[in-house]
Amino acid sequence: QVQLVESGGGLVKAGGSLRLSCAASGRTFSSSVMGWFRQAAEKQREFVAAISWSGGDTFYLDSVKGRFTISRDNAKNTVYLQMNSLKPEDTALYFCAATPPYRGTSVVPGAYDYWGQGTQVTVSS
């Protein structure tokens, strides 16, 4: 069982930055693919970024490439999402998610078994 707790969301002006953190409990963190998803009001949840269990491979939504960076620290059981050059369209509830151990990296929400409660990111224009 893995429990995930996100933090770091908030209100920021367009062009600003935020760093989201996701602290995980459980013994399987270092062997789980970790992902960030977001859900804006009245929209479906969408993939934002994912990182392989080793940290060697990362994947991004096209619209955040070059602005967002996902990273992980397996010693601290934590995954991060550094968000720069934020835009109003980045406003959403951001979720951290984890796959079962030793799965391939995926952009599909259904591949992730464990989810945090979400942290709100609001970008004003």
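Coordinates for the structure precede this section.
Computed from a prediction, not measured in an experiment: that's the story for all the values here.

Thresholds, definitions, all that
- Residues numbered from 1 in each chain as written.
- Predicted model: local features only at pLDDT ≥ 70, side-chain atom pairs only at ≥ 80, totals over all residues.
- Heavy atoms only, no water.
- Helix = DSSP H or I, 4+ residues; strand = E, 2+ residues; numbered from the N terminus.
- Rg over C-alpha atoms; globule rule 2.2 N^0.38 Å.
- Buried < 20%, exposed > 50% of the residue type's maximum accessible area, 1.4 Å probe, protein only.
- Areas by Shrake-Rupley, 256 points an atom, 1.4 Å probe, with all protein chains shown as cover.
- Lys, Arg positive; Asp, Glu negative; His and termini not counted.
- Charge placed at Lys NZ, Arg CZ, Asp CG, Glu CD.
- Phe/Tyr/Trp six-rings, centres within 6.5 Å; stacked < 30°, edge-to-face > 60°.
- Lys NZ or Arg CZ within 6 Å of the ring centre and 35° of its normal.
- Salt bridge = Lys/Arg side-chain N within 4 Å of Asp/Glu carboxyl O.
- Pairing = 2+ DSSP bridges.
- Axes fitted to C-alpha atoms, helices over the stretch in contact; angles between N-to-C directions.
- Contact = heavy atoms within 4.5 Å.

Undergrad: Teacher, can you tell me more about the overall build of the protein here?
TA: For the protein, the count of helices and strands is zero helices and eleven strands. Reading the secondary structure of the protein in the N-to-C direction produces β-β-β-β-β-β-β-β-β-β-β. Its C-alpha radius of gyration of 13 Å places the protein within 12% of the 14 Å reference for a compact globule of 125 residues. Taken along its principal axes, the extent of the C-alpha atoms in the protein is 40 × 30 × 25 Å. Expressed as a percentage of the 125 residues in the protein, the buried residues total 43%. Carbon and sulfur atoms make up 48% of the accessible area of the protein, which amounts to about 6,300 Å² in all. Side-chain charges of the protein comprise 12 positive and 9 negative groups, with the mean position of each set lying 4 Å from the other.

Undergrad: What's the story with the packing of aromatic side chains in this structure? I'm lost.
TA: Pairs of aromatic rings are described using the distance from one ring centre to the other and the angle between the two planes. In this structure the tally under the stated criterion is six aromatic pairs. Both rings, one in Phe 37 and one in Tyr 112, keep their centres 5.1 Å apart while their planes meet at 80°; by these two values the pair is edge-to-face. A residue pair is termed long-range when its members are at least 10 positions apart, and Phe 37 in strand E4 (residues 32–39) and Tyr 112 in the loop between strand E9 (92–101) and strand E10 (114–115) qualify at 75 residues. Note on accessibility: Phe 37 and Tyr 112 belong to one class, buried. The ring centre of Phe 95 lies 3.9 Å from the NZ or CZ of Arg 45, which sits over that ring. Over the aromatic face of Trp 115 sits the side chain of Arg 45, whose NZ or CZ is 4.7 Å from the ring centroid.

Undergrad: What exactly am I supposed to notice about the pattern of salt bridges here?
TA: Side chains bearing opposite charge may pair, as long as their charged atoms lie close to each other. As enumerated under the stated definition, the model contains four salt bridges in all. Close ionic contact of Asp 62 with Lys 65 constitutes a salt bridge, the shortest N to O distance being 3.0 Å. A network of salt bridges, in which partner residues are shared, links Arg 38, Glu 46, Arg 67 and Asp 90.

Undergrad: Can you help me understand the sheet that holds strand E1 (residues 3–7) in this one?
TA: By way of backbone hydrogen bonds, the strands of a sheet pair with one another, either parallel or antiparallel. Pairing in this open sheet of four strands is antiparallel, and the strands run E1-E3-E8-E7 from one edge to the other. The sheet is open, and its two edges are formed by E1 and strand E7 (68–73), each paired on a single side. The mean angle between the axes of side-by-side strands here comes to 15°, regardless of whether they run parallel or antiparallel. Inspection of the sheet shows strand E3 (residues 18–25) paired to strand E8 (residues 78–83) by six bridges, in the antiparallel sense. Across the sheet, Ser 21 pairs through a bridge with Tyr 80, a residue of E8.

Undergrad: Sorry if this is basic, but what is going on with the pairing of E7 here?
TA: In regular strands, side chains alternate between the two faces of the sheet. Along E7, the buried face is formed by Phe 68, Ile 70 and Arg 72; none of Thr 69, Ser 71 and Asp 73, which line the opposite face, is buried. Counted between consecutive antiparallel strands, the loop separating E7 from E8 contains four residues, among which Asn 77 sits at a positive phi close to 55°.

Undergrad: Help me understand the side chain of Thr 99, please; the structure alone is not making it clear to me.
TA: By secondary structure assignment, the location of Thr 99 is in strand E9. In this structure Thr 99 comes out as buried when scored by relative accessible area, which is 1%. When sequence neighbours within four positions are dropped, the list of residues in contact with Thr 99 reads Ser 32, Val 33, Ala 111, Tyr 112, Asp 113 and Tyr 114.

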